[in-house]
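Remarks on the overall topology
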Amino acid sequence: MTAFQEPPAAAPDAVPVAVEAVEPTEIPGVVLPGSVPLGDKKSPIDDNSNAALEDPFKLNPDIYAYEPRKLRVITIGAGFSGLLVAHKFQYQHPELKEIVEHKIFEALHDVGGTWLMNDYPGVQCDVPAHIYAFPFDPNPNWTNFYAAGRDIQAYIKATTKKWNLDRDIHFNHKVVNAIWHEAAGHWQVTVLDTVSNIQRDEFCEILISSQGVLVHESWPSIPGLRDSDTLGPRTFKGHVTHSARWDHSFDYSGKRIAVIGNGSSGIQIVPQMAKLPGTTVRNFVRGPAWVYYRAPASQHMGRSTVETNPAYTEEEKERFRDPEIHRQERKKIIARSNKSFYIFKKGETNQAAMKLAAAQMAEKLGHRKDLCDILIPKWELGCRRITPGPGYLESFLKDNVTLTKSAITGVDENAVLTADGERWECDVVVCATGFDVSYRPRYPVLGLDKTTDLASLWADGAKAYMSICVPKYPNYFMMTGPNNLGGHGSLIMSLDWVAEYIIKWINKISTEDIKRVSPTQSAMDSFIRHGDEVHKTLVWSGACSSWYKRGTVDGRVTALFGGSAQLFNRLTRELRPEDFEIEYRTANQWRFMGNGFTRFEFEEGADLAWRGEEQLIGEKVQVIASVTAAVDALD
């Protein structure tokens, strides 16, 4: 196991703690006049009204510089993102244990987020399993090179229990709205307990959205398929399900099954339905999709295999249980993934990869022209997400699977109707039609401007600073905001970087007497403009219709970061406060300097020598010696 700190010896089953409603006038965790914020430490602020005050320049001799004040943090969502945040607060950053009061509100009944919601037959991650894991506790026991959804969810649950990461989670709690109160300097977050149906207000200085984008299903606009205010009543009498709301109680065997869509979920569902006894399957698609293995599993695994998703042997799993061997294996996969980013650049390399991918797809389709014409794209490889899709293409060579690209115009009692006049009788309609990927919150979020909520602001496309922050939304951070690193490599590593970035702000806000931070409009606009220019050179802005571009062909890329994973990693290492509007809790931004001394200076046995000076001098001497030796060698 690789970890920053050992997990608790025995993590008891966490029970959601009842949370009392807090009146806005009584704010726990905020320093009141004459009170102490942390243990017996005194506050550097004499007045707690968070509005900018006249500074009397009166020094308290007992108040040291950079003394932290306690902050309340609310995280929304308990998938990978929220659990990463929880681990950092509980283990990786022990200095935050006394500073942060943390609550996580999860609308669902369990952890997992995307992987709790998406449990349809065949669901599988298209990122190699060994790098799709918590950085603090990678899993050496993956069954296959690409992990099945059930294995990922089981891993998330086991890791949560092992580290007691559900300590601060309140399950079945849905956020109703979030409002910033400028005078008090905090967020009011209204939550609904969906079990008791009781609504209450919570308060925090820091609000983190850890909600994933692949959670809220998007239903197709087909008249008669479902009851709808705009499309009319349901007329179809068969069974209807969605990939993100799969009905496991229904028996799909022996049924005529219409699968709508050929995105990642549709590509995975079709072969699973096709192999059930007695089924007839028809896939309704709007266009082609790249179903391709960029780097065969054998290339990563170092052994010859023709399997698209080979199983790990027990011997391999045993080797990976050695933390150093496992680290090296993960490192190799990450390095290969990062090196492959060049394939997303428009030009000769991508065109060459298109030819290879098209040839691979044609072979799997038996070189049937009717299938190849519908399924093999003419647009750039990677314009839409590349899906490995084991068994999907081969399914169309079976007698019980057919394909059409004719648009669906409606349904009747027991059939799907298409624009070419066909009526295909069926018992089941599976909607593999994706998600609401607008990034717009599904509840009002009101920042400094109380007239426009965030969802309305993003009506024409979501925009954020570095995918993390939004102008005029103070102390509001997103783990997977618009233009995140979701298109290249493992998203989990980037979530870790974003969490570290947010924690840097939390430390700064706590120790420097800051009331609120948010990026300036000009900084965000410039970031977006530059990213848009980079995207012109990448295939994500290519000639396909993609959810990366909000379902358009020529719209701007709102989903993915304009650059490589290496660049995003470098970018998130620093705060760049010059890009931010920073409001302090008093009129004097230097009040955090306290009495002119740091607490460390007065601790018994403190080493007050300049840290690292001897090491620095030694390094300079070594450099000078190396240069001298090199010059002597030239002579």
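Per chain, residue numbering runs from 1 following the sequence as it is written. Local features are withheld for residues below a pLDDT of 70 in this predicted model, meaning they are given only at 70 or higher, and side-chain atom pairs are given and counted only at 80 or more; totals for whole chains, interfaces and linings count all residues. Side-chain calculation: all heavy atoms of the structure are included, whereas hydrogens and water are not.

1. Let's talk about the overall build of the protein chain
Runs of H or I in DSSP of at least four residues are treated as helices and runs of E of at least two as strands, each being numbered from the N terminus. Scanning the protein chain for helices and strands turns up 15 helices and 21 strands. Burial status follows relative accessibility: with a 1.4 Å probe on protein chains alone, a residue under 20% of its type maximum counts as buried, one over 50% as exposed, and anything between as partly exposed. A total of 635 residues make up the protein chain; the buried ones form 52% of that total. The contact criterion used is simple: two residues touch if any of their non-hydrogen atoms lie within 4.5 Å. Nonlocal contacts in the protein chain, meaning residues at least 24 apart in sequence, comprise 72% of its contacts between residues at least 6 apart. For the accessible areas, the method is Shrake-Rupley and the probe is 1.4 Å, while residue cover comes only from the protein chains on display. Total accessible area on the protein chain is roughly 29,200 Å²; 53% of this is exposed by carbon and sulfur atoms.

2. Section: the sheet that holds strand 7 (residues 186-193)
Should DSSP find at least two bridges between two strands, the strands are regarded as paired. Read across the sheet, 4 strands follow the order 8-7-6-18 without closing on themselves; strand pairing throughout is mixed. Strand pairing shows two members of the sheet lacking a second neighbour, strand 8 (198-204) and strand 18 (445-446), which therefore form its edges. Both strand 7 and strand 8 contribute to a ladder of 7 bridges, which runs antiparallel. Of the residues in strand 8, the one forming a bridge with Trp187 is Cys204.

3. Re helix 7 (residues 323-339)
Between its first and last C-alpha atoms helix 7 spans 24 Å; for 17 residues at 1.5 Å apiece the expected length is 24 Å, and the two agree. Residues of helix 7 that are buried include every one of His326, Glu329, Arg330, Ile333 and Ser337, and no others. Projected down its long axis, helix 7 carries its buried residues within an arc of 95 degrees, all on one side. The inward-facing, buried residues of helix 7 contact strand 3 (124-128), helix 5 (297-301) and helix 6 (314-320). N or O atoms within 3.5 Å of each other form a polar contact, as long as, within protein, one can give a hydrogen and the other can take it, and as long as residues adjacent in sequence are counted only when both atoms are side-chain atoms. Sitting at the amino-terminal end of helix 7 is Asp322, which places a side-chain oxygen 3.0 Å from the backbone nitrogen of Glu324. In a helix, the anticipated span is given by 1.5 Å times the number of residues less one. By arc we mean the arc of the directions from the helix axis to the C-beta atoms, nothing more.

4. Focus on the pattern of salt bridges
We define a salt bridge as a contact between a side-chain nitrogen of Lys or Arg and a carboxyl oxygen of Asp or Glu at a distance within 4 Å. According to the stated counting rule, one finds 36 salt bridges in the structure shown. Put simply, Lys508 and Glu512 hold a salt bridge, and the shortest N to O gap is 3.0 Å. Both residues of the pair, Lys508 and Glu512, count as buried. Between Arg556 and Asp532 there is a salt bridge whose closest N-O contact spans 3.2 Å.

5. Overview of the side chain of Thr558
Mapped onto the elements, Thr558 comes out in the loop between helix 13 (521-535) and helix 14 (565-571). According to the relative accessible area criterion, Thr558 is buried, its value standing at 2%. Here Thr558 is in contact with Tyr439, Ala462, Pro482, Asn483, Tyr548 and Arg550, once residues within four sequence places are set aside.

6. A look at the packing of helix 1 (residues 80-92) against helix 12 (residues 491-511)
Here an angle of 0 to 180 degrees is reported between the N-to-C directions of two axes, which are lines fitted to C-alpha atoms, with helices fitted over the stretch in contact. Packing of helix 1 against helix 12 brings their axes to within 10 Å, and their N-to-C directions diverge by 50 degrees. Classified by the angle between their axes, helix 1 and helix 12 sit oblique to one another. The hand of the helix 1/helix 12 crossing is right-handed. Where helix 1 approaches helix 12, its residues Phe80, Ser81, Leu84, Val85, Lys88, Phe89 and Gln92 are matched on the opposing element by Ile492, Leu495, Asp496, Ala499, Glu500, Ile503 and Ile506. Residues are grouped as follows: Ala, Val, Leu, Ile, Met, Phe, Trp, Tyr, Cys and Pro are nonpolar; Asp, Glu, Lys and Arg are charged; all remaining types, including Gly, are polar. Its residues assigned to classes, the contact of helix 1 with helix 12 shows 9 nonpolar, 2 polar and 3 charged. Reported orientations rely on four angle classes, namely roughly parallel under 35 degrees, roughly antiparallel over 145, roughly perpendicular from 65 to 115, and oblique for the rest. By definition, turning the near helix anticlockwise from the far helix through less than a right angle yields a left-handed crossing, and turning it clockwise yields a right-handed one.

7. Here we look at the packing of aromatic side chains
Stacked, tilted and edge-to-face pairs are distinguished by plane angle, under 30 degrees for stacked and over 60 for edge-to-face with tilted covering the rest, among Phe, Tyr and Trp rings (Trp via its six-membered ring) whose centres lie within 6.5 Å. Here the structure, examined in full by the defined rule, presents 31 aromatic pairs. With centroids separated by 4.7 Å and ring planes inclined at 55 degrees, the aromatic side chains of Phe80 and Phe134 adopt a geometry described as tilted. Placement of the pair is Phe80 in helix 1 and Phe134 in the loop between strand 3 and strand 4 (146-148), with a sequence separation of 54 residues. For the pair formed by Phe80 and Phe134, the shared burial category is buried. Each ring, one from Phe250 and one from Tyr252, has its centre 4.9 Å from the other, and the planes form 75 degrees; the classification is edge-to-face.

8. Re the packing of helix 1 against helix 3 (residues 149-163)
Viewed as axis vectors pointing N to C, helix 1 and helix 3 meet at an angle of 20 degrees, and their least axial separation amounts to 11 Å. Looking at the two axes, helix 1 sits roughly parallel to helix 3. Where helix 1 crosses over helix 3, the two elements pack in a sense that is left-handed. Every residue of helix 3 that contacts helix 1 at Phe80, Leu83, His87, Gln90 and Tyr91 is listed here: Ile152, Tyr155, Ile156, Thr160 and Trp163. Considering only residue class, the contact of helix 1 with helix 3 consists of 7 nonpolar, 3 polar and no charged.

9. Here we look at the state of the cysteines
The disulfide criterion is simple: two cysteine sulfur atoms within 2.5 Å. Across all of its chains, the model carries 1 disulfide by this definition. The disulfide partner of Cys383 is Cys544, and the gap between their sulfur atoms is 2.1 Å. For the disulfide bridge between Cys383 and Cys544, the dihedral angle about the S-S bond is near -95 degrees, and by the sign convention the bridge is left-handed. Note that Cys383 is positioned in the loop between helix 9 (369-375) and helix 10 (392-395) and Cys544 in the loop between helix 13 and helix 14, a separation of 161 residues in sequence. Considered together, Cys383 and Cys544 belong to a single accessibility category, that of buried residues.

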